[in-house]
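Chain residues, written in single-letter form:
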Amino acid sequence: MSLSPVRVHRPRRRLLAAAPWLALLAAAGRPAAQTRVEKPHVTLAVGGKAALYYLPLTIAKQLKFFDDEGLQVELQDHAGGALAQQAMLAGQADVAAGAYEHTILLRQRGQNCRSFVLLGRAPQLVFGVGSRALPDFRHVAQLRGRRIGISWPDSSTQWFAHRVLARGGLGPSDVEFVGVGTSLAAVSALREGRIDALANIDPVISMLAFRGEIRVIADTRSLRGAQDLYGGPMPAGCLYAPQGFVLRYPRTVQALVNAVVRALKWLQTAGPSDIVRAVPEAYMHDDRAVYLAALDKAREALSPDGMLSEDGVLTAHRVAAQYAPGTPSVRSAAPAATYTNEFARRAKLKFQA
């Protein structure tokens, strides 16, 4: 939204409609000395905080970028993005971290939520087929009747799996989906034969791929991979919250975005030794080499500045409309209603990201 001064001759109705966002942006843009956050304690629900998908949050937490913004942030860990969303909607968390599509689907279901900073500009999702379960795998059609591991039902891993299966002529009812999370439980599920293939994120995927335990058949850790699968640039994880939270706590939201954009900038130049010092050892699952190799594959997917592109927003809305075809929407999926770049734009200027 433009920050041009409001002219007195504009219709009063237009002024009233714009008033909440004008007030929000004005508050977010005040000098730091006057912008103590309204809510210094924030609970942030995350769909698997050890995953590389959420690495910018790990960096912001570990390097105390949140603290520098006057925030105490609790990263509330969940097995998948759908559970993080549920925690936020139930009032158990203030903000959620998950796929941008969540905001689109929530709006369609009558829930107004808005994304306010982007973590990744490519989904980083990978579909792998178990080498032991299907040693002679040649075509997606061979997955009919098989068990597919996903992080959790109604999460981005399942939506991604639907798309991969559809390319091979299979529908969601042709397979069995099993929630396995995004940590070592997913690795164990494949190794123990409880699933035959999986749609997941790093470092889980790299742990299996590096040992030849899966055959990768779809990979969106690169911009090109995302383009090939989705037919356009596809945004990934973001921070989002109910519209009421964003309007009520604009300085808190700006502080969150500042810390995340600062982390994104830090990651652009961080070397292996920087990562090893910053990331908790437990997140690497006792294999630094695999973790760092996975990060190399995912670097391109990280957002450089927290901004959502208009093309990415349109791709996400087009793709989300295909998740539940024929289901009537409570509200139209208006792209502008599901995100704002204003906070990220301010943070980008502040940190020259």
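Residues numbered from 1 in each chain as written. Predicted model: local features only at pLDDT ≥ 70, side-chain atom pairs only at ≥ 80, totals over all residues. Heavy atoms only, no water.

Can you lay out the overall build of the chain for me, pointing to particular residues and giving the numbers?
Secondary structure summary: the chain contains 15 helices and 10 strands in total. Burial analysis of the chain (353 residues in total) assigns 54% to the buried set. Within the chain, counting contacts between residues at least 6 apart in sequence, those at least 24 apart form 80% of the total. As displayed, the chain offers around 15300 Å² of accessible surface, 50% of which is attributable to carbon and sulfur atoms. (Helix = DSSP H or I, 4+ residues; strand = E, 2+ residues; numbered from the N terminus. Buried < 20%, exposed > 50% of the residue type's maximum accessible area, 1.4 Å probe, protein only. Contact = heavy atoms within 4.5 Å. Areas by Shrake-Rupley, 256 points an atom, 1.4 Å probe, with all protein chains shown as cover.)

Outline the packing of aromatic side chains, listing residues and values.
With the rule as written, the count across this model stands at 3 aromatic pairs. Seen from their ring centres, W159 and Y323 are 5.0 Å apart, and the 25° between their planes marks the pair as stacked. Taken together, the positions of W159 in helix α6 (residues 156-167) and Y323 in the loop between α14 (310-320) and α15 (342-351) put the pair 164 residues apart, joining distant regions of the chain. With a relative accessible area of 18%, Y323 lands in the buried category. On the basis of an interplanar angle of 55° and a centroid distance of 4.9 Å, the ring pair of F245 and Y249 is categorised as tilted. In this structure F245 comes out as buried when scored by relative accessible area, which is 9%. Taking NZ or CZ as reference, K39 lies 5.9 Å from the ring centre of Y249, over its face. (Phe/Tyr/Trp six-rings, centres within 6.5 Å; stacked < 30°, edge-to-face > 60°. Lys NZ or Arg CZ within 6 Å of the ring centre and 35° of its normal.)

Explain the sheet that holds strand β1 (residues 41-46) to me, using residue names and the numbers behind them.
One open sheet accounts for 5 strands, arranged β2-β1-β3-β10-β4; its pairing is mixed. Here the strands that pair on one side only, and so sit at the sheet edges, are β2 (72-77) and β4 (113-118). Strand-to-strand twist in this sheet, taken as the mean axis angle between neighbours without regard to direction, amounts to 30°. Of the strand pairs in this sheet, strand β3 (residues 95-99) and strand β10 (residues 237-242) are connected by 4 bridges, and their pairing is antiparallel. (Pairing = 2+ DSSP bridges. Axes fitted to C-alpha atoms, helices over the stretch in contact; angles between N-to-C directions.)

Just give me the short version of the side chain of D94, but keep the residues and values in it.
Looking at the element boundaries, D94 is found in the loop between α4 (81-89) and β3. Reaching out from D94, the side chain makes a polar contact with the backbone nitrogen of T43 at a distance of 2.8 Å. Once residues within four sequence positions are removed from consideration, D94 is found in contact with K39, H41, V42, T43, M88, A241, P242 and F245. (Polar contact = N/O pair within 3.5 Å; in protein donor to acceptor, adjacent residues only side chain to side chain.)

Quick one: what's the story with the sheet that holds strand β7 (residues 176-179), residue by residue and with numbers?
In spatial order, the strands read β7-β6-β8-β5-β9; together these 5 strands make up an open sheet with mixed pairing. In this open sheet, the two edge strands, each paired with only one partner strand, are β7 and β9 (214-219). In this sheet, neighbouring strand axes are inclined to one another by 25° on average, regardless of whether the strands run parallel or antiparallel. As paired elements, strand β6 (residues 147-150) and strand β8 (residues 197-200) share 2 bridges and run parallel to each other. Across the sheet, residue I148 finds its bridge partner in β8, namely A197. The sheet strands contacting α6 are β5 (126-130), β6, β7, β8 and β9, and the helix crosses β5 at an angle near 70°.

An account of the nonpolar core is needed here, citing residue identities and associated values.
One finds L57, F116, F127 and L143 to be the most contacted residues of the largest nonpolar core, which totals 98 residues. In terms of residues, this core owes the most to one element, helix α11 (residues 250-269), which gives 10 residues. If you look at the next biggest cluster of nonpolar residues, it comprises 14 residues, including V180, A189, M207 and I214. (Core = buried A, V, L, I, M, F, W, Y, C linked by side-chain atoms within 4.5 Å.)

So what's going on with empty space enclosed by the protein? Residues and values would help.
With the rule as written, the count across this model stands at 3 cavities of 30 Å³ or more. In this model, the largest cavity occupies a volume close to 100 Å³. Along the walls of the largest cavity sit 16 residues, with G47, Y54, G81, S151 and S156 positioned nearest its centre. Mapped by element, the contributors of at least two residues to the lining of the largest cavity are β3 and α6. Here the lining of the largest cavity is built from residues that sort into 6 nonpolar, 10 polar and no charged. (1 Å grid on protein atoms, 1.4 Å probe; cavity = no way out; pocket = protein on both sides within 12 Å on 5 of 7 lines; lining within 4 Å. Points joined across faces, edges and corners; volume = space filled by probe spheres on them. Nonpolar A, V, L, I, M, F, W, Y, C, P; charged D, E, K, R; others polar.)

Any details on the packing of α11 against α15? Residues and values, ideally.
The interhelical angle for the contact between α11 and α15, taken along N-to-C directions, is 50°, at an axis separation of 8 Å. Classified by the angle their axes make, α11 and α15 are oblique. Crossing hand, α11 versus α15: right-handed. Contacts between α11 and α15 involve P250, V253, Q254, V257, N258, V261, R262 and K265 on the former and, on the latter, F343, A344, R346, A347, K348, K350 and F351. Broken down by class, the residue content of the contact of α11 with α15 amounts to 8 nonpolar, 2 polar and 5 charged. (Parallel < 35°, antiparallel > 145°, perpendicular 65-115°, else oblique. Left-handed = near helix turned anticlockwise from the far one by under 90°.)

Give me the lowdown on α6, citing residues and values where you can.
Taking 1.5 Å of rise per residue, the 12 residues of α6 would be expected to cover 16 Å, and the 17 Å separating its terminal C-alpha atoms lies within 8% of that figure. With respect to burial, α6 is a largely interior element, 9 of its 12 residues being buried. Burial in α6 covers these residues: S156, T157, Q158, W159, F160, A161, R163, V164 and L165. Just beyond α6, the residue with positive phi is G169, at close to 85°. (Expected span 1.5 Å × (residues − 1).)

I'd like a rundown of the pairing of β10, residues and numbers included.
The buried fraction of β10 amounts to 5 of the 6 residues, a majority that puts the element mostly inside the structure. Here β4 pairs with β10 via 5 bridges, running antiparallel. Bridging from a neighbouring strand, S115 pairs with Y240 of β10.

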